[in-house]
Amino acid sequence: MSRVIVITSGKGGVGKTTITANLGSAIASLGYKIALVDADFGLRNLDLLLGLEQRVVYTAIDVLSGECSIEKALVKDKRQPNLMLLAAAQNRTKEAISPDDMKKLVELLDPEFDFIFIDSPAGIEMGFRNAISPAQEAIIVTTPEMAAVRDADRVVGLLESEDIKKIHLIVNRIKPKMIQLNQMIGVEDILDLLVVPLLGIVPDDERIIISTNKGEPLVLEETTSLPSLAFTNIAQRLNGKDIPFVDFMAADDNLITRFLSIFKK
Ligand code: ADP
Ligand code: MG
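Residues numbered from 1 in each chain as written. Chains lettered and ligands numbered in written order. Predicted model: local features only at pLDDT ≥ 70, side-chain atom pairs only at ≥ 80, totals over all residues. Heavy atoms only, no water.

## With respect to the packing of aromatic side chains
Here is step 1: Enumeration according to the criterion identifies two aromatic pairs in this entry.
Here is step 2: With 6.3 Å between their ring centres and 85° between their planes, F115 and F117 make a pair best called edge-to-face. Of the two residues examined, F115 and F117, each falls in the buried class.
Here is step 3: Every member of this aromatic cluster is reached through a ring pair, and the members are Y32, F115 and F117.
Here is step 4: Stacked on the ring of F245, the Lys or Arg R237 has its end atom at 4.1 Å from the ring centre. (Phe/Tyr/Trp six-rings, centres within 6.5 Å; stacked < 30°, edge-to-face > 60°. Buried < 20%, exposed > 50% of the residue type's maximum accessible area, 1.4 Å probe, protein only. Lys NZ or Arg CZ within 6 Å of the ring centre and 35° of its normal.)

## Describing the environment of S225
Here is step 1: Mapping S225 onto the fold places it in the loop between α11 (218-221) and α12 (226-238).
Here is step 2: The spatial distance from the C-alpha of S225 to the C-alpha of G186 is 22 Å, given a sequence separation of 39 residues.
Here is step 3: Contact partners of S225, with chain neighbours within four places excluded, come to R207 and L218. (Helix = DSSP H or I, 4+ residues; strand = E, 2+ residues; numbered from the N terminus. Contact = heavy atoms within 4.5 Å.)

## A closer look at the nonpolar core
Here is step 1: Counting 56 residues, the largest nonpolar core has L86, L109, I116, I118 and L159 as its most contacted members.
Here is step 2: Sorting elements by how many residues they give to this core places helix α7 (residues 146-161) first, with six residues.
Here is step 3: When neighbours within four sequence positions are excluded, L86 is seen to be in contact with L36, V37, D38, T59, A60, I70, A73, L74, L105 and L109.
Here is step 4: I34, F115, I139 and V202 belong to the second largest nonpolar core, which has 35 residues in total. (Core = buried A, V, L, I, M, F, W, Y, C linked by side-chain atoms within 4.5 Å.)

## Considerations on the sheet that holds strand β2 (residues 34-38)
Here is step 1: Strand order in the open sheet formed by eight strands is β3-β4-β2-β5-β1-β6-β7-β8, with mixed pairing between adjacent strands. A single partner strand is all that each edge strand has here, and the edge strands are β3 (75-77) and β8 (198-203). Going across the sheet, the axis of each strand differs from the next one's by a mean of 20°, ignoring polarity.
Here is step 2: Contacts from helix α1 (residues 16-29) reach β1 (3-8), β2, β4 (80-86), β5 (115-119), β6 (137-142) and β7 (166-174) within the one sheet, and its direction differs from that of β5 by about 165°. (Pairing = 2+ DSSP bridges. Axes fitted to C-alpha atoms, helices over the stretch in contact; angles between N-to-C directions.)

## Topic: the site of ligand 1
Here is step 1: By nearness alone, 15 residues border ligand 1, and G13, K16, T17, T18 and N172 come closest of all.
Here is step 2: Between an oxygen atom of ligand 1 and a side-chain N or O atom of K16, the distance comes to 2.8 Å.
Here is step 3: Contact distances for ligand 1 include 2.8 Å between a nitrogen atom and a side-chain N or O atom of N172.
Here is step 4: In isolation ligand 1 offers 560 Å² of accessible surface; the protein chains occlude 80% of this area.
Here is step 5: The class makeup of the residues in the shell around ligand 1 is five nonpolar, six polar and four charged. (Near = heavy atom within 4 Å. Polar contact = N/O pair within 3.5 Å; in protein donor to acceptor, adjacent residues only side chain to side chain. Areas by Shrake-Rupley, 256 points an atom, 1.4 Å probe, with all protein chains shown as cover. Nonpolar A, V, L, I, M, F, W, Y, C, P; charged D, E, K, R; others polar.)

In structure tokens, the structure reads:
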């Protein structure tokens, strides 16, 4: 049995696909087998972030229409043998897929993987309904902006009404300097608004943009950088490990100093 987790948000552009690719890679490097399912049938881009776009031959739509087997449609990642991608087709309308179709796809994947991540499209329309339908758990991604937090709150309600009770929160694109200057809402304020347990915090970092543009998830190339460590820690927490939160507020940019500042507390 695999853990089926939908990565969702409400608001678009908050980092769902970035987190699916990087956290998925971090989980694979811990030795778990993971399938990443792109449920964004309007704007497929998980393949690009993983650098696998050239290797997509068949998609989820071909599996559902019986044109190919699930094994054939799964794109293998040479750098990460534990990670596979099921791509979404871009050239059909979103209505081509139903919640039952998504359940069928996940059932086919289930025996092979420890984790199945479903990268949800933006909004709370049909694409969102499809993405959440096979999930047992959800990771809600928000940025420290009121609009994103409010949309995340709506999504929490929708997930609970669909009986998805295990919900985790990732706050993405934190800018410590802005929080210190009271120019950005802090993580604690977000946790007050959204009563969802915190799984992790990801800093706003241009290395994340650079790595995703290269199609090379950050955790594969820079295992010691702060954002990379954030993803590895989140992967560990998802597996029940009690890993302390990195102190992104520490003034020093140096990773070692930040580590020491955690232990001093
Ligand atoms: P979504 O899937 O929620 O629409 P994306 O993952 O496509 O969002 O991210 C939207 C944009 O934000 C991308 O350009 C991505 O590179 C950038 N981004 C996401 N997370 C971070 C981060 N932690 N630091 C810097 N840029 C980020
Ligand atoms: Mg996306």
